[in-house]
Amino acid sequence: MAGTALLGRLTWQLAELVEVVVETPVVKTLVFDVPGWPGHRAGQHVDVRLTAEDSYQAERSYSIASAPDSTRVALTIQRLEDGEVSPYLTDELRPGDKIELRGPIGGYFVWEPSEGGPLMLVAGGSGIVPLMAMIRTRAAAGNDTETRLLYSARSEDDLIYRDELEALSGNGLTVAYTLTDLQPPGWTSYARRVDAEMLAEVAPRPAEQPRFFTCGPTPFVEAVAEALVRLGHEPRAIKTERFGPTGG
Amino acid sequence: MAFVSRGFRGRRAADVDPARVPPGQYVTADFPVLSAGPTPHTSLELWDFSIIGELEEPRRWTWEEFRALPSEEITRDIHCVTKWSKLDTVWQGVSVDTLLAGIETSAEYVTQYSDGGYTTNLPLEDITAGKAWVVFAYEGEPLAPEHGGPARMLVPHHYFWKSAKWVRGLRLQSTDEPGFRETNGYHNHGDPWQEQRYSGD
Amino acid sequence: MDELMLDGNAVAGLLQEVFAVEMTTAVGTCASCGAAGPIGAVHVYRGAGIVLRCPHCDNVLAKIVKSDSRVWIDSTGILTLEVSV
């Protein structure tokens, strides 16, 4: 989209943490104020850079979780036990602290309401984050594009944004969950890894020409993309964002 | 300098003897997996290791033949150009001197070549006289595919990109032929103690 | 399938830093098999430097190495590149 192509080199800038939202015992949403933020599109990410006193640096990419909202940018971060950056962000940062970030980045794994649908979003674990940005952007725009979300997590405790997804359901948005490891008593929804059979039940049919966005750990994304192609969906209509072996 | 994040240290080992750490490196207890392409999975039935190029008769070992060669335990520090160093890594492997024993060659250079197409170059004298091995085990276990198994090169006195994973042979050459990384930005020699990371360093 | 493999959008920041435009929607053709597709969909491997590979034939499309002051790009595996500006 020529008019929205970003021109110019990306530069690092300081963002201030203004709010922390605890989503689960290991997931927090950090809301930053980024001076001069030009706005962003759902699905884009930022690069975050941390520098130690001896100049050691570590850099990571995090999907933007929020719909565009002035200079506010929300990142939902899962604390990885062996992580180098995520434990610092979730354990050490306090409101008022600053970090370096650059963005918004990305043009491929992006959805705007004007692009229409039907839209099928398939999330594995923390892969829900950029897809939630799409759902939030859709809601903020009052858009009613037919949108389906299939969200896979290990257990109910691992689900993020549950209440909000509940509240946004309807008006063209349907949400289905699958809990792969542990289900609560009385669970009637899916209880296994995403497979072709599940996708065939949940996704629009190929004839409807849906647009797919799938995000999560690399093996998850790989399995979903393969299954969708086997179900007859057009490979070019399937956009993937792999998070690597650990999912972020 | 960039903005310093209060309290950020990263996952680096403390209490390290600085004399063991080349300039610009940080010691880690992890073993990061870095790659240039998909992990090859060559079955041991099809695997072989060859010495080719400027020698009278190319040599070739099957996996059984290779494993029947005298091998040794090697403990060395390794240094990756991406700035992590790992101290006292323990390997099991066959010395390159064993593989080259009795070979007469006028070659001064060697190219390591691997499954998947990766190559890396060195002067021949940098992999002889006890400086290099073809290793098949790490910390007592068979070398995992993502770490270069069934066998990889171990050339600890150069940055670790010069220890080819999934190595299948050595090509002896009279001319130096920059390899996969050396042709695009990485230093042709790659001595960590002189911080020879990039072309022109 | 390789667990370490990422999509082109994983290096979108690096590419934008280097080319000064958003590159993941640029369409490239593979010099080996001729397949065309967006850079955001290529396979990315991170090692010493970044390697971009064709998602159809695994051919190396490009190698990108960045030091503090310089970037080296070998893009001989990309036959053509079409960028929106």
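First, a word on what this report is: a plain description of the structure on this page. Note that the structure is predicted; figures quoted are calculated from it, not measured.

Rules behind the numbers
- Residues numbered from 1 in each chain as written.
- Chains lettered and ligands numbered in written order.
- Predicted model: local features only at pLDDT ≥ 70, side-chain atom pairs only at ≥ 80, totals over all residues.
- Helix = DSSP H or I, 4+ residues; strand = E, 2+ residues; numbered from the N terminus.
- Rg over C-alpha atoms; globule rule 2.2 N^0.38 Å.
- Buried ≥ 20, exposed ≤ 12 C-beta atoms within 10 Å, placed from the backbone.
- Contact = placed C-beta atoms within 7 Å.
- Pairing = 2+ DSSP bridges.
- Core = buried A, V, L, I, M, F, W, Y, C linked by C-beta atoms within 7 Å.
- Domains from an automatic or database assignment.
- Nonpolar A, V, L, I, M, F, W, Y, C, P; charged D, E, K, R; others polar.
- Axes fitted to C-alpha atoms, helices over the stretch in contact; angles between N-to-C directions.

1. Regarding the overall build of chain C
Then step 1. If you tally the helices and strands in chain C, you get 1 helix and 8 strands.
Then step 2. Relative to a compact globule of 85 residues, whose C-alpha radius of gyration would be 12 Å, chain C shows 12 Å and is just as compact.
Then step 3. The dimensions of chain C, computed from C-alpha atoms along their principal axes, are 35 × 35 × 20 Å.
Then step 4. Taken over 85 residues, chain C has a buried fraction of 49%.

2. Topic: the overall build of chain B
Then step 1. On a plain count of helices and strands, chain B comes out with 2 helices and 11 strands.
Then step 2. Secondary structure elements of chain B, listed N to C terminal, follow the sequence β-β-β-α-β-β-α-β-β-β-β-β-β.
Then step 3. In summary, chain B has a C-alpha radius of gyration of 17 Å against a globular reference of 17 Å for 201 residues, a match within 12%.
Then step 4. Summarising its shape, the C-alpha atoms of chain B cover approximately 60 × 35 × 30 Å along the three principal directions.
Then step 5. Here chain B holds 201 residues, and 37% of them are scored as buried.
Then step 6. Restricting to contacts in chain B with at least 6 residues of sequence separation, those with at least 24 account for 63%.

3. Notes on the environment of proline 118 of chain A
Residue and element names in this part refer to chain A.
Then step 1. One can find proline 118 in the loop between strand E6 (98-105) and strand E7 (119-124).
Then step 2. On the basis of neighbour counts, which here come to 17 C-beta atoms within 10 Å, the residue proline 118 falls in the partly exposed class.
Then step 3. Sequence-distant contacts of proline 118, defined by excluding residues within four places in its chain, comprise Glu146, Pro204, Glu208 and Pro210.

4. Regarding the pairing of strand E4 (residues 57-63) of chain A
Residues and elements named next belong to chain A.
Then step 1. Looking at chain direction, strand E3 (residues 45-51) and E4 are connected through 7 bridges and run antiparallel. Bridging across to E4, aspartate 47 finds its partner in serine 61.
Then step 2. A loop of 5 residues connects E3 with E4, the two strands running antiparallel in sequence, and serine 55 in this loop sits at a positive phi of about 80°.

5. A closer look at the nonpolar core
Then step 1. If you look at the biggest cluster of nonpolar residues, it comprises 128 residues, and the most contacted ones within it are Leu75, Leu121, Leu131 and Val224 of chain A, Val134 of chain B together with Val44 of chain C.
Then step 2. Counting contributing residues per domain, this core is built from domain 1 (2-105) and domain 2 (113-242) of chain A, each supplying no fewer than three.
Then step 3. Apart from the residues within four sequence positions on either side, leucine 75 of chain A is in contact with Leu30, Val46, Tyr62, Ile64 and Ala65 of chain A.

6. Here's the deal with the interface of chain A and chain B
Then step 1. Counting residues at the interface gives 18 residues for chain A and 13 residues for chain B.
Then step 2. For the side of chain A that touches chain B, the elements supplying multiple residues, two or more each, are E3, E4, helix H1 (86-92) and E6 of chain A.
Then step 3. The residue makeup of the side of chain A that touches chain B, split by class, is 8 nonpolar, 3 polar and 7 charged.

7. As for the sheet that holds E4 of chain A
Then step 1. The 6 strands are arranged E4-E3-E6-E1-E2-E5 (chain A) in an open sheet whose pairing can be described as antiparallel. At either end of the open sheet lies a strand with only one pairing partner, and these are E4 and strand E5 (72-78) of chain A. Looking at each pair of strands side by side, their axes are set apart by 40° on average, direction ignored.
Then step 2. As paired elements, strand E2 (residues 27-33) of chain A and E5 of chain A share 7 bridges and run antiparallel to each other. Looking at the pairing, aspartate 33 of chain A lines up with arginine 72 of chain A of E5 of chain A.
Then step 3. Along the sheet, helix H1 (residues 12-19) of chain C contacts E3, E4 and E6 of chain A; its crossing angle with E6 of chain A, the most-contacted strand, is approximately 80°.

8. A look at the interface of chain A and chain C
Then step 1. Counting from both sides, the interface comprises 23 residues of chain A and, opposite them, 23 residues of chain C.
Then step 2. Sorting the residues of the side of chain A that touches chain C by element identifies E6, helix H5 (218-230) and strand E11 (238-242) of chain A as the ones contributing at least two each.
Then step 3. For the side of chain A that touches chain C, the class distribution of residues is 10 nonpolar, 7 polar and 6 charged.

9. Describing the sheet that holds strand E1 (residues 6-7) of chain C
Then step 1. Strands sit in the order E1-E4-E5-E6-E7 (chain C) across an open sheet of 5 strands; the sheet is antiparallel. Each edge of the open sheet is held by one strand with a lone partner, namely E1 and strand E7 (71-74) of chain C.

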